[in-house]
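Coordinates in review
The lines below spell out each chain.
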Amino acid sequence: MILLQAEIDGELVDIISKIRAFQQDFPLATLFPTAASAVRASAYAIQEQWKAFASGEPLPSGDKVKNSSGAYAASINTSQQSLWSYNILSKAAVARWLEEGTPEVDFKQTHPYGPRGRVAKKKIKGGGFRYVPYIIIPFRWATPNAGAHMGIKNVIPEQIYSAIQSGIRKGTFKRSVVLNGKTASDNFWGEEQQRNTYDWGDRLKGMGGAINGLVAMAGQPNKKGTRQSTYFTFRVISADSPASAWIKPATKAMKIAEQTANMMAGKVSKVVEAGFYADLKGLSK
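What counts as what
- Residues numbered from 1 in each chain as written.
- Predicted model: local features only at pLDDT ≥ 70, side-chain atom pairs only at ≥ 80, totals over all residues.
- Heavy atoms only, no water.
- Core = buried A, V, L, I, M, F, W, Y, C linked by side-chain atoms within 4.5 Å.
- Buried < 20%, exposed > 50% of the residue type's maximum accessible area, 1.4 Å probe, protein only.
- Helix = DSSP H or I, 4+ residues; strand = E, 2+ residues; numbered from the N terminus.
- Contact = heavy atoms within 4.5 Å.
- Expected span 1.5 Å × (residues − 1).
- Salt bridge = Lys/Arg side-chain N within 4 Å of Asp/Glu carboxyl O.
- Arc of directions from axis to C-beta.

**A look at the nonpolar core**
Grouped together as the largest cluster of nonpolar side chains are 31 residues, with contacts concentrated most on Ile 46, Trp 50, Tyr 72, Trp 84, Ile 88 and Ile 256. Every element with two or more residues in this core is listed here: β1 (2–7), α3 (33–54), α4 (71–74), β3 (85–90), α5 (93–100) and α8 (256–284). It is α3 that contributes the most residues to this core, nine residues altogether. If we ignore the near neighbours within four places in the chain, the residues touching Tyr 72 are Trp 50, Ala 54, Ser 90, Val 94, Ala 95, Leu 98 and Ile 256. By size, the runner-up hydrophobic cluster in this structure holds ten residues, among which are Ile 160, Ile 211, Leu 214 and Tyr 231.

What follows is the structure, given as structure tokens:
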């Protein structure tokens, strides 16, 4: 969780308490309505600025959040703690990752050993076997028209999509189907896992890049009896993959919340001080 606070400082709290002692019949919100409104408005102004940075507005440092899905910005909310204090926070995991940065991760040392991992039995030269953990990773692909709306990075090029659709209609490109039955096999830790079974169809071949091997998975029949297709490629992360493969680089700390707080501090102070000044002038009359 990443937390920012909008609140007045301790000296003002002491002053307010002393004034309150002479105004027992009046609640603080009545004595300082302008200041209370200023604190509230400041909290929501901080929230909106943080949301703007989370959505891709350039930070004071010059950095910006790239490929924002909107989920990070949507996770930023404000809650009132007292008349003079508000919390602006995000509980999204991505908020902490962007704020603090992330270390380099070698997926070969993590993913094949997870609960959904599998084990390959490989012969050892000279006799015997060794067991190598691996995992199959699906990558979903969006159709050309839907790509911009689904938040999916991989989009099938229009020409290739049209060719696949034509092949499906003509029966020259068979779709894959998830079968009802399941099979069981162990992961690296000897834990039995229930796995889907498939009637595999055709795969896109002869293509360079990440789209090579694309399959069309037939969904459940709709009311008209037709099946919509979803599109996937599959890649294998193995403990035997090349040393340079499947490594997620470290990311630097962007300090988005920290930069938001620093940017807004002066503005908030002026607004809140002006609010108290207006209220104190009213009390002196």
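**Description of α3**
Spanning 22 residues, α3 covers 32 Å between terminal C-alpha atoms, matching the ideal 32 Å at 1.5 Å per step. Once α3 finishes, Gly 56 follows within two positions and takes phi at roughly 120°, a positive value.

**Quick notes on the pattern of salt bridges**
Taken as a whole, this structure holds six salt bridges when the rule is applied. Residue Asp 63 pairs with Lys 252 through a salt bridge whose shortest N-O separation is 3.1 Å. One end of the pair, Asp 63, is in the loop between α3 and α4; the other, Lys 252, is in the loop between β11 (247–248) and α8, and 189 residues separate them in sequence. A relative accessible area of 54% means that Lys 252 is categorised as exposed. Note that Asp 240 is salt-bridged to Arg 130, the shortest N-O span being 2.6 Å. Of this pair, Asp 240 sits in the loop between β10 (227–238) and β11 while Arg 130 is found in strand β6 (residues 129–141), placing the two residues 110 residues apart along the sequence. On the accessibility criterion, Asp 240 (35% relative accessible area) is partly exposed. Each of Lys 122, Arg 130 and Asp 240 takes part in salt bridges that share partners, so that together they form one network.

**Looking at helix α7 (residues 158–170)**
Here α7 spans 18 Å end to end across 13 residues, near enough to the 18 Å set by a 1.5 Å rise per residue. Buried within α7 we find Ile 160, Ile 164 and Gly 167. Summarising the axial view, the buried residues of α7 lie within an arc of 60°, below the 170-degree limit, and thus occupy one face. Exposed side of α7, more than 90 degrees from the buried face: Gln 159, Arg 169 and Lys 170 are the residues found there. Looking at the buried residues of α7, the elements they touch are β10. Gly 171 occupies a position one or two residues after α7 and carries a positive phi of about 85°.

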